[in-house]
Amino acid sequence: MERHIKTIGILTSGGDAPGMNAAIRAVTRTARFNDINVIGILRGYQGLIEKEFVKFTSSSVSNTIQRGGTILKTARSKEFMTPEGRKKAYANMVEAEIDALVVIGGNGSLTGAQLFAREYDIPIIGLPGTIDNDLYGTDSTIGYDSALNTIVECVDKIRDTANSHDRIFFIEVMGRDAGFLAQNSAIASGAEAAIIPEGNTDVDQLAAFIERGKRKSKNSAIVLVSEAQKDGVGGAMYYADRIRNEYPQFDARVTILGHLQRGGMPSAYDRILASRMGYAAIEALLEGQRNIMIGIKNDEIVYVPFARAVKMNKPINEELITVLNVLSM
Ligand code: F6P
């Protein structure tokens with residue numbers, strides 16, 4: 001062990017994700033198992049700056065594994081992005097005798113952790129908690145599988161009305177800079193296409209694609225679109241407008257799934273993932289690891305340095321694009 005860790009702080013930051021509570025539970029219980037005290041920090045980094053600290057025991061996390069959202073609350077702290085904010089946060093940690101930090105969040109949250117760890121001598125372990133699945137070095141992030149299931153359930157319903165009216169639906173899903181949700185929910189719901197930030201699908205390719213589908217007696221279509229803005233509007237609106245203008249023979253509609261994708265009970269997969277990762281976070285601290293994100297690769301827990309997790313772009317497997325293209329004809 002690098003140094004004796006008596007007390008850890010734990011926080012959730014950025015967009016909430018189903019499974020965050022399962023991760024908080026796993027970190028808390030594993031820490032207590034190893035006689036480490038746990039301080040729950042409310043409202044992410046902002047709570048670290050404002051000293052919103054709550055002592056956590058094993059029973060603080062009872063009856064939480066199945067709950068969506070985060071019992072610690074979350075925030076996107078602008079103040080923490082300033083050196084003054086981080087200075088206050090560090091002073092509060094020293095005062096509360098917090099020896100190490102576990103941060104559960106997405107790209108922005110782990111970038112904050114990386115900055116903090118560079119400036120101050122505190123071990124930080126990150127857990128990937130985001131529905132976007134956009135962190136490099138892990139096959140899946142906590143919340144991604146649950147959000148995918150939520151999206152697929154919604155798309156199945158939209159498919160009924162799309163079919164009845166012979167319409168094309170552009171369904172917008174989250175993932176500002178990452179197309180994992182759009183691409184995989186398109187495969188899972190049998191959609192005709194996905195438009196993702198990583199791809200360069202233009203609307204003409206899309207229409208050709210849809211027409212190909214129509215020749216095979218398809219009269220309706222579902223297109224999953226990542227929320228990335230195009231010409232100042234959300235992706236789904238942008239493509240639906242272009243279809244209306246350029247291909248008026250299609251009756252296009254838009255559905256934006258929005259924040260409902262982040263809510264709801266975590267799937268079994270996410271609960272297990274969060275439990276394994278939360279356990280691994282404490283094991284890593286006990287081994288003397290610092291400034292790494294816990295990831296999962298081929299079902300094995302891996303340690304990913306922050307610099308790699310947040311800086312490298314996680315690529316979409318090209319095979320997923322081919323599978324969708326072939327199966328949607
Ligand atoms: O970062 C996760 C995410 O869900 C993104 O996909 C989405 O763009 C963003 O959060 C929305 O954040 P907010 O809750 O601030 O609207």
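In what follows, the structure referred to is the one given above.
Residues numbered from 1 in each chain as written. Predicted model: local features only at pLDDT ≥ 70, side-chain atom pairs only at ≥ 80, totals over all residues. Heavy atoms only, no water.

Colleague: I'd like a description of the pairing of strand E8 (residues 221–226), backed by residues and values.
Modeller: When you tally the buried positions in E8, you get 6 out of 6 residues, the bulk of the element. Of the two faces of E8, the one carrying Ala-221, Val-223 and Val-225 and the one carrying Ile-222, Leu-224 and Ser-226 are both buried. Pairing of strand E6 (residues 168–173) with E8 involves 6 bridges; the strand directions are parallel. Within the sheet, the bridge partner assigned to Ile-168 lies in E8 and is Ala-221. (Buried < 20%, exposed > 50% of the residue type's maximum accessible area, 1.4 Å probe, protein only. Helix = DSSP H or I, 4+ residues; strand = E, 2+ residues; numbered from the N terminus. Pairing = 2+ DSSP bridges.)

Colleague: Quick one: what's the story with the packing of aromatic side chains, residue by residue and with numbers?
Modeller: Under the defined criterion, the tally for this structure stands at 6 aromatic pairs. Seen in terms of ring centroids, Tyr-45 and Phe-80 are 3.9 Å apart; in terms of plane orientation they differ by 5°. Their pairing is stacked. With Tyr-45 in helix H2 (residues 44–49) and Phe-80 in the loop between strand E3 (53–56) and helix H3 (83–95), the pair connects residues that are 35 residues apart, well separated along the chain. Given a relative accessible area of 0%, Phe-80 falls into the buried group. A ring pair is formed by Tyr-238 and Tyr-239, whose centres lie 5.0 Å apart and whose planes are at 90°; its orientation type is edge-to-face. Overall, Tyr-238 belongs to the buried group, its relative accessible area being 14%. (Phe/Tyr/Trp six-rings, centres within 6.5 Å; stacked < 30°, edge-to-face > 60°.)

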